[in-house]
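Listed below are the residues making up each chain.
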Amino acid sequence: MKVLLVLILLSVDVFCRKDKSKHKLQTNTSEYVINPKSFRGLVSTNDSLFNNVKESTKRATMDVSRNSAGSHGSGLKVNNSTMLFLRSPISTKLIPVIYTVVVLIGLPANAIILWMLFYRVRSVCTAIFYTSLAISDLLFCLMLPFKIVYHLNGNHWIFGEAMCRATTSFFYGNMYCSILLLTCISISRYIAIVHPFVYRSLPKRNLAILMCALVWVTVLMYMIPFFTTKQTYYLKQLDINSCHDVLDSAGGTFQFYYFLLLAVFGFLVPFSIVTFCYFSIIRALGTHDQKRFWYLKVTILLLAIFSICFTPSNIILIIHQVRLHYSNTDYTYSWYLMALCMSSLNSCLDPFLYFLMSKVTNPTKNYVTIIRL
């Protein structure tokens, strides 16, 4: 009996200690958000308005009830890994340096290309595609300084909600506009080389205008969610206003399917078409054909643009959204932001594509004219 009494007392003591330690752990961890969605913050637990509201009601009223990005009354809370990345040298130094290089190279290069297209071009059909691509890259380079200031300022956005939405839309819009326009150029070259008789009978100018118009309309439709949803949030732990880097955790199923479809139809399908077109062109041209050498160069450059700029960000985006949707983890999002930064390099590489698709027709003059195709 004495032994039994001692065992009972010991078990009660252990239970009380566990209960106290559990209560202490809950008290300490209540100040942090555990497992926020992919740089997705949750509403601060200090906001009394949301304390005793069910999850469904909270998600429905979250955006309406929060203060603006510039206010300090309400905001999102993120985990430690997110805070470390937003304060890391990669985010505040390396990324703005890459963006600065893109602006310094891409801005004058695309301006020169536009000048050449207006004054040195021989084919109106060719000019329509390349002009659209150059305009897209030029607009992107003009908006990029806002991102540079944002990162150099410790990922603190100072330009307001409207400018954040516009910058984010231009950022994504440029990438998918470039992909779709490169796809249109590839289809045009494929028909011209592999099916020349069909190409000659086509209304090339009207088709080029129609294809470019469809690309711009499609990209604008792609970007509607960025224009219509809140992009700036105040982060209490860091005392900064983020722009698109941290979003509400209530994105739900729509966010998953939106980004998944964006990556599939904005990258995977066009990339497959581009690869098919240029390998078909190389196979159709004779071994001793002089154009074969130029198209080999164009193919290598196009594959380099897709490999460096578009493939990493879109593949990581798919992986990230799948993991976020099914396991609620966001460990790949920092890699996605770095890959997204690399995608901006397409604005520097696209001008080289113009030059590879060109030919020096007059050796006495130091300019390049577009081949009449």
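Residues numbered from 1 in each chain as written. Predicted model: local features only at pLDDT ≥ 70, side-chain atom pairs only at ≥ 80, totals over all residues. Heavy atoms only, no water.

When helices and strands are tallied, the chain shows 13 helices and seven strands. A separation threshold of at least 6 residues defines the contact pool for the chain, and within that pool the share at least 24 residues apart is 80%. When the accessible surface of the chain is summed, it comes to about 19200 Å², and 68% of that surface belongs to carbon and sulfur atoms. (Helix = DSSP H or I, 4+ residues; strand = E, 2+ residues; numbered from the N terminus. Contact = heavy atoms within 4.5 Å. Areas by Shrake-Rupley, 256 points an atom, 1.4 Å probe, with all protein chains shown as cover.)

For the rest of this paragraph, the subject is the state of the cysteines. Two cysteines, two sulfur atoms, one covalent bond between them: this is a disulfide. Following the criterion strictly, the structure yields one disulfide and no others. Across the disulfide, Cys164 is cross-linked to Cys243 (sulfur-sulfur distance 2.0 Å). Sign of the S-S torsion, about 105° for the bond between Cys164 and Cys243, identifies this disulfide as right-handed. On the criterion of sequence distance, the pair formed by Cys164 in helix H6 (residues 161-194) and Cys243 in strand S4 (residues 240-243) is long-range, its members being 79 residues apart. (Disulfide = S-S within 2.5 Å.)

With 38 residues, helix H11 (residues 290-327) ought to run about 56 Å at 1.5 Å a step, and its terminal C-alpha atoms sit 53 Å apart, in line with that. Its maximal kink placed at Phe310, H11 deviates by approximately 45°, while the proline Pro312 follows within four residues. One or two positions beyond H11, positive phi appears at Asn328, with a value near 60°. (Expected span 1.5 Å × (residues − 1). Bend = angle between axes of the 7 residues up to and from the residue.)

To continue, consider the pairing of strand S3 (residues 232-235). Burial along S3 is two-sided: Thr232 and Tyr234 and Tyr233 and Leu235, pointing in opposite directions, are all buried. Counting the residues in the hairpin turn of S3 and S4 gives four residues, including Asp239, whose phi is positive at 55°. (Buried < 20%, exposed > 50% of the residue type's maximum accessible area, 1.4 Å probe, protein only. Pairing = 2+ DSSP bridges.)

Bringing the nonpolar core into the picture now. Of all hydrophobic cores here, the largest spans 80 residues; its most connected members are Tyr172, Tyr176, Leu182, Tyr278, Leu302, Phe306 and Phe310. The biggest single contributor to this core is H6, with 14 residues. Setting aside residues no more than four positions away along its own chain, Leu182 makes contact with Leu133, Val274, Leu302, Ile305, Phe306, Phe310, Asp350 and Leu353. (Core = buried A, V, L, I, M, F, W, Y, C linked by side-chain atoms within 4.5 Å.)

So, about a nonpolar patch on the surface. Residues Tyr257, Leu261, Phe265, Val269 and Ile273 make up a contiguous nonpolar surface patch of roughly 450 Å² in combined accessible area. As for its placement among the helices and strands, Tyr257 is situated in helix H10 (residues 252-284). The class for Tyr257 is partly exposed, based on a relative accessible area of 43%. (Patch = residues over 30% accessible without salt bridge, like charges linked within 9 Å, V, L, I, M, F, W, Y side chains within 5 Å. Salt bridge = Lys/Arg side-chain N within 4 Å of Asp/Glu carboxyl O.)

With respect to the element layout, Ser178 can be found in helix H6. The buried category is assigned to Ser178, whose relative accessible area is 0%. Excluding residues within four positions of it along the chain, Ser178 makes contact with Leu133, Ser136, Asp137, Phe310, Asn346 and Asp350.

In this structure, Asn155 takes a positive phi of about 60° despite not being glycine. Structurally, Asn155 is set in the loop between helix H5 (124-152) and H6. The exposure class assigned to Asn155 is buried, which follows from its relative accessible area of 0%. One non-glycine residue, Asp239, adopts positive backbone phi at about 55°. Mapping Asp239 onto the fold places it in the loop between S3 and S4. We classify Asp239 as partly exposed; its relative accessible area is 47%.

The contact between H11 and helix H13 (residues 346-356) brings their axes to 10 Å, and the two run at 170°. On the basis of their axis angle, the class for H11 and H13 is roughly antiparallel. Across the interface between the two elements, Trp294, Lys297, Val298, Leu301, Leu302, Ile305, Cys309 and Phe310 from H11 touch Asn346, Leu349, Asp350, Phe352, Leu353 and Leu356 from H13. Residues of the contact of H11 with H13, tallied by class, amount to eleven nonpolar, one polar and two charged. (Axes fitted to C-alpha atoms, helices over the stretch in contact; angles between N-to-C directions. Parallel < 35°, antiparallel > 145°, perpendicular 65-115°, else oblique. Nonpolar A, V, L, I, M, F, W, Y, C, P; charged D, E, K, R; others polar.)

What follows concerns empty space enclosed by the protein. Per the counting criterion, the structure on display carries six cavities of 30 Å³ or more. Space inside the largest cavity adds up to approximately 140 Å³. As for the largest cavity, its lining consists of 14 residues, of which Tyr99, Lys147, Asp245, Leu337 and Leu340 are closest to the centre. Mapped onto the lining of the largest cavity, the elements with two or more residues apiece are helix H4 (89-119), H5, H6 and helix H12 (333-343). For the lining of the largest cavity, the leading source of residues is H6, giving four residues. Of the residues belonging to the lining of the largest cavity, the class tally is seven nonpolar, five polar and two charged. (1 Å grid on protein atoms, 1.4 Å probe; cavity = no way out; pocket = protein on both sides within 12 Å on 5 of 7 lines; lining within 4 Å. Points joined across faces, edges and corners; volume = space filled by probe spheres on them.)

Let us look at the packing of H5 against H6. Axis separation between H5 and H6 bottoms out at 9 Å; the angle between their running directions is 155°. Put simply, H5 runs roughly antiparallel to H6. Once H5 is placed against H6, the crossing between them reads as left-handed. Partitioned by chemical class, the residues of the contact of H5 with H6 number 17 nonpolar, six polar and two charged. (Left-handed = near helix turned anticlockwise from the far one by under 90°.)

The values reported here are purely geometric and, on their own, carry no functional implication.
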